[in-house]
Amino acid sequence: MPEEPLVSVLPPPVAMAAAEEPLPRDSVDVAIIGGGINGTGVARDLALRGLTVALFERNDLAFGASGNSSGMIHGGVRYLSKSPQVTESSCRDSGYIQRIAPHLLFRIPFLMPVRQSAKGRIAFELIDAYFRAYDDYQPLKRGEPHCRLDAADLARLEPGLVGAVVGGITFDEWGVDGARLCVLNAVDAMSRGARVHVHTTVDSIARLVRSDGSGRYVVNARDRFTQERLGVRAHVVVNATGAWSPVTAALGGLPQARVRVRPGKGIHVVLDRRLTNYGILSEAVDGRQIFLEPWQNVSVLGTTDDDYYGDLDDVRATSEEVRYLVQGVAHVFPSVRSARAIGTYAGVRPTLYAYGPNEDALSREHEIVDHAADGAPGVYSMIGGKLASYRLFAQELSDKVAEHEFEVQVPCATHVRPLPGGDGIPDAFEVADKHGITPVAARRLIYRHGTIALRILERATRSERDVTCPCEPVIEAEVRHAVRDELARTVEDVARRTRLGFGACGGMRCAMRCGQIIAEERGLPPAEGRALASEFVLRQARTRLVALGPEQARQEALSLAHWRASLGEL
Amino acid sequence: MTNRVVVVGAGVAGTAAALTAARAGAQVTLIDGGTGASTLATGALDAVFWPHAPAHPAPIGRAAREVLDALGGYALPDGGARLLTTSGVARPARGHDAALLDIMPLAGSSIGVVRCERPGWDGGALARAWGESFQPFDAVVIRHVDERVLPDADFAMRHDDDDRLGWLADRLRDALTRAGARIRAIVLPPCLGIDRPKGRALSERVGVACGEAIALPGGPSGLRFERARDRALVAAVDRVPGRATSLARSDDGWRIAMGDGPAREGDAVVLATGGLIGGGVEYAPAESIVASALPPFGRPPFRLTVDAPLTLGANGRPLELPGTLFGIAPESIAWPFARDALADRVGVLADVEGRTESGLFVAGDLRADSPRAWLDVLATGVAAGAAAARASRQGTGSAAMAR
């Protein structure tokens, strides 16, 4: 085949150095850009339908909004009055996710106190009626119906609540580790032949003028660590880059206006323990609804929603945002003020664009943009969406691609086929006993890996069963598994997959050892392992410091002294 | 003239102040509020933060050396030392806890790194990280199964027992024979005694230099300091357990109120309650002390945990009120956002001897703008202890001046 000239869809806005390179030999059906929940969800769906897939992620899987959400697969209760079909589909999908990854979900019962005010009684009745309607959908996701509580019930359930209330209601939602959900989707896609490239940025998307059927597009990418170039030909390109979508579209010369998002930054504050067993809703100073939720073994305060104009690769909470949340929750649950904040995290929502409305009033719907209208047939952008509805969104996109582009009639299977490890939940005590690890370590390992936990332990040598991160805890074998089988390349990547270093010590006891293990697994010199650890420690210190309180200030000073004693300047 | 010196704080600075004042003839009471930053020390002795250490370290003062001798268990080689950290770094130091291996005199020889099942210790990886002259070799150091998960300090305590140390020496000798190589020294995970450092005892029995690598904070070195301190202080000072809550002038000196128990009186006082880590200084944004709503008043971001007429500051200037009732933005006061940050430098403003006002001295981490390195902290304790002893002899100086 003669070398075909490359021409971008529209006059290229970026330097086309890549165009000088020979055409890549690799060819896939679909190239997906973005390793968040939408990208990995589509990769899995299409791979299950037998299509060949390559996925490129500029940072790490779940690096953006997917790994920094409130960690809930919720039923979309807020859409109930305007679009009940969205609530119904959200609840149904929550049920599906329980079926495919039962180990990864945990129940979070929420309390919604209704404060005494002139219209407090009426508000209470209206809220009660609203949730009565929501009860109709709860069975779809194995949720309990709501309860109506008087002030005494509420105080008994959560004595930490303050303020005069008319009463309150409970409602049931499910928590999830969003980063793990992404990783499991990616790993499952890989097990069905998909190629997933992390820390690999796309430099350009170009179109082949004459197609011989082996692909209409060339996606040129570059490994950000090794600078190695890799590219594929693809028949279809999917832009699933969330808040980065307009940036990605520009790489293919597509009009940004078609994929415009209004990036909304949301931050969360992490407290060192479960302060309560209930999620608690509260109103912030501006009337926005915010919450405190028990999540895995910590508590999380969330969330803000502010227009974001900064660098998407470096999104961080600020101390002002932290104070806004703490003040808002302390309003009904004052002990958050004396709780120890051990970190923050931040993400940017890919909200659908509109000029004018308040951040909260923007639509959380999702939308598929077919760029055929822009002269780029076979290029699709996924705009908007939520973690809770990712599977459905991925299915919609995959249906379209499979039928229209490939005439593949295989039905979607992502709601029935378990994700890796999702075919059961082993008993933690038995596992602990059999493999000589503590029941807590076993329980956490099983939470993250389901039945794969057994495989991780069976392959582990005795010393690999030692605990690397004592806070979570994470055993060494799990760190190695994250590097070998889950594409982790940095300490931060391992942390995202295992929660190593996300506990109270901020990586002081585990980051260096983790760096050492990664260096060993990846054949890097020891100094690079140290550099990976320092990078993580530094990044984590930045995210923690904005929520600094008296106790954490001591911990920070101690950590810094430790790093100085053992490493010198970081 | 009663010659009474009260030292508050039993860390490195307080111990140095108490021993120095006692040596100068003062009648010393040491108020010991429990464990602080000194117990978290790693055993590396620096005078300044080590990346900034001069190539030819300055000699240690006579009084400081006397304190070190009184403590025992520390080495201060003339040309400095070179220590290994469990983070895989070989770093310079001015001196060290005698259980640590100093590789300075071993330049060029092959050093064996014990490969054994201790948590966080990967002999192979560490040997690669420390450099070419290190070679991992298998040796049995685990005698009982619980030792695979025992914290470093508890494991180290087992080698206080002489028989156990002999057992370890036998295993290491066997391992050396098996390894067959020309190993001239052995690096072990932190394990060599709590009561006294067993580095030399083990080296003599094995026949090559043996020592530990530096552990995480909270390892054996800090506990070894506590034991050494307890022995050194027992004859020299009157030691009172408990926490001082406030410090105020009295008719003939200073009165120290205690959280529990009778107040103490002194002609001169050395306050050595530590910095942010030790607990002498606390980060206290206004919002942390109110339950809800806006705090009633603004406050500087740090406060002393003992109520005393002292001025907190940094860079020679007192702390100021921030322009917000909520509290200062932490981004502006601490690493890694700010370099040479306020949180790193904050403390009590004092002169070179730690004098704040007549008869009241501060030492150690509590002082503003000090390097917070072990030997520097020791030196400030020595200076404050000597000055306090002088002040107490000068006949209740503070009270005289107050009148």
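Conventions we followed
- Residues numbered from 1 in each chain as written.
- Chains lettered and ligands numbered in written order.
- Predicted model: local features only at pLDDT ≥ 70, side-chain atom pairs only at ≥ 80, totals over all residues.
- Heavy atoms only, no water.
- Helix = DSSP H or I, 4+ residues; strand = E, 2+ residues; numbered from the N terminus.
- Rg over C-alpha atoms; globule rule 2.2 N^0.38 Å.
- Buried < 20%, exposed > 50% of the residue type's maximum accessible area, 1.4 Å probe, protein only.
- Contact = heavy atoms within 4.5 Å.
- Areas by Shrake-Rupley, 256 points an atom, 1.4 Å probe, with all protein chains shown as cover.
- Lys, Arg positive; Asp, Glu negative; His and termini not counted.
- Charge placed at Lys NZ, Arg CZ, Asp CG, Glu CD.
- Pairing = 2+ DSSP bridges.
- Buried area = accessible area lost by both parts, 1.4 Å probe.
- Salt bridge = Lys/Arg side-chain N within 4 Å of Asp/Glu carboxyl O.
- Polar contact = N/O pair within 3.5 Å; in protein donor to acceptor, adjacent residues only side chain to side chain.
- Nonpolar A, V, L, I, M, F, W, Y, C, P; charged D, E, K, R; others polar.
- Disulfide = S-S within 2.5 Å.
- Axes fitted to C-alpha atoms, helices over the stretch in contact; angles between N-to-C directions.
- pLDDT = per-residue confidence, 0-100.

Asks: Help me out: how do you make sense of the overall build of chain B in this one?
Replies: Secondary structure summary: chain B contains ten helices and 23 strands in total. Relative to the compact-globule value of 22 Å for 403 residues, chain B shows a C-alpha radius of gyration of 23 Å, a close match. Looking at chain B as a whole, 56% of its 403 residues qualify as buried. The contacts of chain B with a sequence gap of at least 6 include a subset with a gap of at least 24, amounting to 65%. Surface summary for chain B: the accessible area is close to 16,000 Å², and the carbon and sulfur share equals 51%. Looking at charge distribution, chain B has the averaged site of its 43 positive side-chain charges lying 3 Å from that of its 45 negative ones.

Asks: Explanation requested: the pairing of strand 10 (residues 217-223) of chain A in the structure shown.
Replies: Each regular strand displays side chains that alternate between the two surfaces of the sheet. Residue and element names in this part refer to chain A. Of all the seven residues making up strand 10, six are buried; the element is thus mostly covered by neighbouring parts of the structure. Sheet topology note: the strand 9 (residues 200-208)/strand 10 ladder contains seven bridges and is antiparallel. By the bridge assignment, Ile205 is partnered in strand 10 with Val219. Sheet topology note: the strand 10/strand 11 (residues 229-239) ladder contains six bridges and is antiparallel. Bridged to Val218 within strand 11 is Arg233. The hairpin turn running from strand 10 into strand 11, its antiparallel successor, is five residues long, and Gln227 in that turn takes a positive phi close to 65°.

Asks: What should I look at first to understand the interface of chain B and chain A in this one?
Replies: Size of an interface, as often reported, equals the accessible area lost when the parts are brought together. Each partner contributes to the interface: chain B provides 48 residues, whereas chain A provides 41 residues. In this assembly, chain B packs against chain A so that about 4,100 Å² is buried in total across both faces, 59% of it on carbon and sulfur atoms. Here chain B is connected to chain A by five salt bridges. Between B:Glu117 and A:Arg462 there is a salt bridge whose closest N-O contact spans 2.4 Å. Joining chain B to chain A, the criterion identifies 17 residue pairs in polar contact (both at pLDDT 80 or more). Taken together, the elements giving at least two residues each to the side of chain B that touches chain A come down to helix 3 (123-130) and strand 17 (281-283) of chain B. Of all the elements, helix 3 of chain B adds the most residues to the side of chain B that touches chain A, at four residues. Of the residues assigned to the side of chain B that touches chain A, the class counts are 26 nonpolar, twelve polar and ten charged.

Asks: Please explain the state of the cysteines as it appears in this structure.
Replies: Put plainly, two cysteines are in a disulfide when a covalent bond ties their sulfur atoms together. For the structure shown, the criterion picks out zero disulfides over all chains. Distance from the sulfur of A:Cys505, which forms no disulfide, to the nearest cysteine sulfur (A:Cys471) is 3.7 Å. On the basis of relative accessibility, which here comes to 8%, the residue A:Cys505 falls in the buried class. No disulfide involves B:Cys191; its sulfur sits 7.8 Å from the nearest other cysteine sulfur, which is in B:Cys116.

Asks: What is the right way to read the pattern of salt bridges from this model?
Replies: A side chain with one charge can pair with a side chain of the opposite charge if their charged atoms come near. All names here are of chain A. Evaluation of the coordinates by the stated rule reveals 75 salt bridges over all chains. Of the charged contacts, one joins Asp60 and Arg497 as a salt bridge, the two residues approaching to 2.7 Å between their closest N and O atoms. Here Arg497 lies in helix 13 (residues 491-498) and Asp60 lies in the loop between strand 3 (53-56) and strand 4 (72-73), a separation of 437 residues in the sequence. A relative accessible area of 1% places Asp60 in the buried class.

Asks: Can you help me understand the sheet that holds strand 22 (residues 355-357) of chain B in this one?
Replies: Backbone-to-backbone hydrogen bonds pair the strands of a sheet. The strands run either parallel or antiparallel. All names here are of chain B. The strand order across the open sheet built from six strands is 12-2-1-16-23-22, with neighbouring strands paired in mixed fashion. The strands lining the two open edges of the sheet, one partner per strand, are strand 12 (238-241) and strand 22. Across the sheet, the axes of successive neighbouring strands diverge by a mean angle of 25°, strand direction being ignored. The pairing of strand 16 (residues 268-271) with strand 23 (residues 360-362) spans three bridges and is classified as parallel. Bridge assignment links Val270 to a residue of strand 23, and that residue is Phe361. Against the sheet, helix 1 (residues 12-23) touches strand 1 (4-8), strand 2 (27-32) and strand 16, its axis set at about 165° to strand 2. Across the sheet, helix 9 (residues 374-393) touches strand 1, strand 16, strand 22 and strand 23, and the angle it forms with strand 16 is around 165°.

Asks: How do you make sense of the sheet that holds strand 15 (residues 264-266) of chain B when you look at a structure like this?
Replies: Residues and elements named next belong to chain B. Read from one edge to the other, the open sheet built from three strands follows the order 13-14-15, with strand pairing classed as antiparallel. Pairing within the sheet leaves two strands with one partner each, and these edge strands are strand 13 (244-250) and strand 15. Averaged over neighbouring strand pairs, the angle between their axes works out to 25° when direction is ignored. Pairing analysis gives three bridges linking strand 14 (residues 253-258) to strand 15, with the strands arranged antiparallel. Along strand 15, the bridge assignment pairs Ile256 with Arg264.

Asks: What should I look at first to understand the confidence of the model for chain B in this one?
Replies: The predicted structure's coordinates, where accompanied by low pLDDT, should not be read in detail. Residue and element names in this part refer to chain B. For chain B, per-residue confidence averages 92 on the pLDDT scale, and 95% of positions sit at 70 or higher. Overall, residues 396-403 carries pLDDT values under 50, and its contacts beyond four positions in sequence, including any with other chains, amount to 20 contacts. Model confidence for the complex: the whole-complex pTM is 0.94, and ipTM, which rates the interface, is 0.92.

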